[in-house]
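Summary of the model geometry
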Amino acid sequence: MTQIWEMTASEIAGSVRSGTLSAQEVTQAHLDRIAAVNPAINAVVQTCTDALDAAAEVDAALARGEDPGPMAGVPVTIKVNVDQKGFANTNGLRIQENLIAEHDSPVVSNLRKAGAVIVGRTNTPAFSLRWFTNNGLHGQTLNPRNPAITPGGSSGGASASVAAGLCALGH
């Protein structure tokens, strides 16, 4: 049997729209997966505490007969080098660990408008300028399939998150 965290973004959006799954069920499954798997790979450096509330909004929109957007209930992650209101845009730098965004960047606001649920913030190398993901603030991200191989550079946390089932899509 396929686990929720193994489903594709398209499968999740379809299941949420049809009522087979609620956005809250999908979100909880991914938050549970982050709690279980992320400590070993360090891909998500911050979980979004409002994720279940955002999922509840998707479910409420569907219950009212409204279209929550094409990404209805799809769990996504955002890199720490992008502004997301209320979160630090660290870019992997200690000097920026208290640089809290006052507004969402366009990519974040567009994902929200599309019905996506942001479940976490993913690691990047310092300045997002390396072919591997490691920095002095958040540490190293490991490839969940083979820790001896890099998950990549500026999107290393994002790619490891998707590969490990921590989210369906990573920014």
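Our structure's up above, just so we're on the same page.
What comes next concerns the included structure. Quick caveat: nothing in here was measured; it's all calculated off a predicted structure.

Another aspect to go through is the nonpolar core. In terms of nonpolar packing, the biggest core is built from 37 residues, with V74 and L166 touching the most fellow members. Elements with a minimum of two residues in this core: α1 (9-18), α2 (23-41), α3 (51-63), β2 (75-79), α4 (106-113) and β3 (117-122). In terms of residue count, the dominant contributor to this core is α2 (six residues). Setting aside anything within four residues of it in sequence, one finds L166 in contact with H30, R33, I34, V37, N38, I41, A43, V44, V119 and S161.

Read from one edge to the other, the open sheet built from four strands follows the order β1-β3-β2-β6, with strand pairing classed as mixed. The strands lining the two open edges of the sheet, one partner per strand, are β1 (44-47) and β6 (169-170). When β1 meets β3, the two strands line up antiparallel, connected through three bridges. The partner of Q46 across the bridge, within β3, is R121. Packing of α2 onto the sheet brings it into contact with β1, β2 and β3, and relative to β3 it is tilted by some 20 degrees.

Basis of the calculations
- Residues numbered from 1 in each chain as written.
- Predicted model: local features only at pLDDT ≥ 70, side-chain atom pairs only at ≥ 80, totals over all residues.
- Heavy atoms only, no water.
- Core = buried A, V, L, I, M, F, W, Y, C linked by side-chain atoms within 4.5 Å.
- Buried < 20%, exposed > 50% of the residue type's maximum accessible area, 1.4 Å probe, protein only.
- Helix = DSSP H or I, 4+ residues; strand = E, 2+ residues; numbered from the N terminus.
- Contact = heavy atoms within 4.5 Å.
- Pairing = 2+ DSSP bridges.
- Axes fitted to C-alpha atoms, helices over the stretch in contact; angles between N-to-C directions.

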